[in-house]
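# Working through the structure, step by step
Here's the letter readout for the chains.
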Amino acid sequence: FMEFKPEKISTDEVSKEILNEPDKEPNPERGKEISIDNKTLVLVVGLPGSGKSTFATKHFPLESIVSTDLLRQEISNNPGNQIVSGRAFEIAKKIVSSRLEAGKIAVVDAQNLTEDTRMQFYIAAEMNDAKVTAIFLDVDPHKSIERDVSRGKKVGASYIKGRRGIYAVARR
């Protein structure tokens, strides 16, 4: 459980937080609280179907979440339309920059698996003297595939399996 108190937020300068250890089953009794300063970029990192959007909406105010899926939905009426991803990320970077410039938290709800993807947000944080925190959702790929199927096979098992190695590199 993570409690968000905008008027009283502190951080331990955490750059990466692993929420579930890969060799252990998630334990709901073993909660972790992560405190985040205002003027912080939060990158939620994980495979498709790992629970990034669910995590973000559960733990952060909706207005702080910048979802590339929702931006693709706005642009093309299809949250999975990768053709418009470039435009969605351009818009996401502008929103993130505006929030950080105003001293607010910006939570990026995207896979955030590659350095290239994260770099545009790092630059926005640096330009606004903001802190950066990455929260890695370490979910078994098979569980991600199950979730993907249950939500209508948004990206497919082969895509998720192909992203496992990229996720492993991002965690380092």
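Residues numbered from 1 in each chain as written. Predicted model: local features only at pLDDT ≥ 70, side-chain atom pairs only at ≥ 80, totals over all residues. Heavy atoms only, no water.

## Quick look at unusual backbone geometry
Defined as follows: Helix and strand assignments follow DSSP, with helices taken as H or I runs no shorter than four residues and strands as E runs no shorter than two, numbered in order from the N terminus.
For K39, which is not glycine, the phi dihedral falls at a positive 60 degrees. One non-glycine residue, N77, lies in the positive phi region at around 65 degrees. Among the structural elements, N77 can be located in the loop between helix 2 (68-76) and helix 3 (85-101).

## Here we look at helix 5 (residues 141-150)
To be explicit about the condition: Between buried and exposed lies partly exposed: a residue is buried under 20% and exposed over 50% of the maximum accessible area for its type, with that area taken using a 1.4 Å probe on protein chains only. Working note: the arc is built from the helix axis to C-beta atom directions. For the purposes of these results, a polar contact is taken to be a pair of N or O atoms within 3.5 Å, where, inside protein, one atom must be able to donate a hydrogen and its partner to accept one; residues adjacent in sequence count only when each atom of the pair is a side-chain atom.
Of the positions making up helix 5, those classed as buried are P141, S144, I145 and D148. Here the buried residues of helix 5 occupy an arc of 100 degrees about the axis, which is enough to place them on one side. Helix 5 presents E146 and S150 as exposed residues on the side facing more than 90 degrees away from its buried surface. With a side-chain oxygen lying 2.7 Å from the backbone nitrogen of H142, the N-terminal cap of helix 5 falls on D140. Just downstream of helix 5, G152 is the residue with a positive phi angle, here 95 degrees.

## As for the environment of N78
The test is simple: The criterion used for residue contact is that any of the two residues' heavy atoms lie within 4.5 Å.
Of note, N78 is situated in the loop between helix 2 and helix 3. If sequence neighbours within four positions are ignored, N78 has contacts with R72 and Q73.

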